Amino acid sequence: MINKIADSVAQALSGIQDGSTVLIGGFGTSGIPGELIDGLIAQGARELTVVNNNAGNGDTGLAALLKTGQVRKIICSFPRQVDSWVFDELYRSGKIELELVAQGNLAERMRAAAAGIGAFFCPTAYGTELAKGKETREINGKHYVLEYPIHGDVALIKAEKGDRWGNLTYRMSARNFGPVMASAAKFTVATVHDIVELGQLDPESVVTPGIYVSQVVKIERVATQAGGFKKAA
C-alpha cells in the first residue's frame, strides 16, 4: 500500500546528505515551508546549495538556515530586501556564494530539469552581467543566452491539502514555486495542513500529482492571539 505520510518532520528529512542541492518553495514569506526549514537546521546537513526566490527575511525561516553556516551557495532572484541582513552580512564577508538568476529563468531552469531538457536559449539577461561567461547565439535576428537546468536533490515545499499518495493542492499565492520544484527534485517533502482520504481531492484541483512527492507531513495551523487560527499563506 502506498503511504507517503511521514510521522514527523525529522523522519521526512533524515536522509538529506551534506552537499545536497535543496529547492525551497516560497515567494518572500508566502508559501515558505518554515517547519521543514527548521527541521533541516536540526538535521544538520551542511555545504548545501539552496535555491529559493529570495535569500531570507529577518532572522527566521531561510534566514535562520543561512545563519547556521550550513549553506555554501544560494541561487535566487532577489537576495536583498530591507530585512535581508543575514544574507547581506554573509555575502559581504565572503561566507556564502551567490548565483543571481532572473525570476523567470529560475522557474524555467527548474521546469527544464523536470522535462529532461539539456539546456535552452532564452533572451533574458543578454548583454548584462548575468550573461557574462555564458554561450550566446543569434536566432532569427534575436540574441539569446544558453541556460542550464537546475536539478534538486531535495525539494521542501508547503501545500494546503494532501493524501497518502502525495497528491497536493495549494492555497492561493502560497503555490508559487512549489509545483515546479517538486517536479525538479529527486526527493520532495511537502507539509500540509489537512490530510484527506484518497478520492476526496478533486482531480481537477490537484496541482502536484503524487508521483512528484516522496513524503507528506501534517503541520498545525498557527494559532492567533484571539484564540482562533491564522490560515498561513
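Residues numbered from 1 in each chain as written. Predicted model: local features only at pLDDT ≥ 70, side-chain atom pairs only at ≥ 80, totals over all residues. Heavy atoms only, no water.

*Asks:* If you had to explain the pairing of strand β2 (residues 48-51) to someone new, which residues and values would you point to?
*Replies:* Residue alternation in β2 divides its side chains into two sets, Leu48 and Val50 and Thr49 and Val51, and both sets are buried. Handedness of the β-α-β unit built from strand β1 (residues 21-24), helix α2 (residues 34-43) and β2 comes out right-handed. In this structure, β2 lies alongside strand β3 (residues 71-76), joined through four bridges in parallel fashion. Bridge assignment links Leu48 to a residue of β3, and that residue is Val71. (Buried < 20%, exposed > 50% of the residue type's maximum accessible area, 1.4 Å probe, protein only. Helix = DSSP H or I, 4+ residues; strand = E, 2+ residues; numbered from the N terminus. Right-handed = clockwise from strand over helix to strand, strands pointing away. Pairing = 2+ DSSP bridges.)

*Asks:* Provide a residue-level description of the packing of aromatic side chains, including the pertinent values.
*Replies:* The description of an aromatic ring pair uses the distance of the two centres, along with the angle that the planes make with each other. Under the criterion given, the structure shown has one aromatic pair. Summarising the aromatic geometry, the rings of Phe87 and Tyr91 are spaced 5.5 Å apart at their centres and angled 20° between planes, so their arrangement reads as stacked. With Phe87 and Tyr91 both in helix α4 (residues 85-92) and four residues apart, the pair spans about one turn of that helix. Look at Phe87 and you get buried, because its relative accessible area is 2%. What makes Tyr91 partly exposed here is its relative accessible area of 42%. (Phe/Tyr/Trp six-rings, centres within 6.5 Å; stacked < 30°, edge-to-face > 60°.)

*Asks:* Explain unusual backbone geometry to me, and be specific about the residues and the numbers.
*Replies:* Even without being a glycine, Glu47 presents a positive backbone phi close to 55°. Take Glu47: it is sitting in the loop between α2 and β2. What makes Glu47 partly exposed here is its relative accessible area of 46%. The phi dihedral of Asn140 is positive, around 55°, even though this residue is not glycine. Residue placement: Asn140 occurs in the loop between β6 (136-139) and β7 (142-147). On the basis of relative accessible area, Asn140 is assigned to the exposed category, the value being 81%.

*Asks:* Run through the side chain of Glu147, naming residues and quoting values.
*Replies:* Along the chain, Glu147 falls in strand β7. Side chain to side chain, Glu147 and Asn105 meet in a polar contact 3.4 Å long. A polar side-chain atom of Glu147 sits 3.1 Å from a polar atom in the side chain of Lys134. Setting aside its immediate chain neighbours within four residues, Glu147 contacts Asn105, Arg109, Ala119, Phe120 and Lys134. (Polar contact = N/O pair within 3.5 Å; in protein donor to acceptor, adjacent residues only side chain to side chain. Contact = heavy atoms within 4.5 Å.)

*Asks:* Which residues make up α2, and what values go with them?
*Replies:* Turning to α2, its buried residues number three or more, namely Gly34, Leu36, Ile37, Gly39 and Leu40. Those residues of α2 that are buried lie in contact with α1 (9-13), β1, β2, α3 (62-67), β8 (152-158) and β11 (185-192). Once α2 ends, the next one or two residues include Gly44, with phi positive near 95°.

*Asks:* Lay out the pattern of salt bridges in plain terms, naming residues and giving numbers.
*Replies:* Counted according to the given criterion, the structure contains 12 salt bridges. Note that Glu97 and Arg72 form a salt bridge whose closest N and O atoms lie 3.2 Å from each other. Of the two residues, Glu97 sits in strand β4 (residues 97-100) while Arg72 sits in strand β3, which places them 25 residues apart along the sequence. Taking relative accessible area as the criterion, Glu97 reaches 37% and is therefore assigned partly exposed. What makes Arg72 partly exposed here is its relative accessible area of 36%. The salt bridge partner of Arg221 is Asp194, with a shortest N-O separation of 3.0 Å. Here Arg221 is found in the loop between β13 (215-218) and β14 (222-223), whereas its partner Asp194 is found in strand β12 (residues 194-195), with 27 residues between them in sequence. Note on Asp194: relative accessible area 26%, which makes it partly exposed. (Salt bridge = Lys/Arg side-chain N within 4 Å of Asp/Glu carboxyl O.)

*Asks:* Hey, could you go over the nonpolar core for me, with residue numbers and the actual values?
*Replies:* If you look at the biggest cluster of nonpolar residues, it comprises 30 residues, and the most contacted ones within it are Ile24, Leu40, Ile74 and Leu156. At the level of elements, α1, β1, α2, β2, α3, β3, α4 and β8 are the ones that each hand at least two residues to this core. Among the elements that make up this core, the one with the highest residue count is α3 (four residues). For Ile74, the residues in contact, after removing those within four places along its chain, are Val50, Asn54, Ala55, Leu62, Leu66, Phe87, Ile96, Glu97, Leu98 and Glu99. Tyr170, Ala182, Ala190 and Val213 belong to the second-largest nonpolar core, a separate cluster that totals 23 residues. (Core = buried A, V, L, I, M, F, W, Y, C linked by side-chain atoms within 4.5 Å.)

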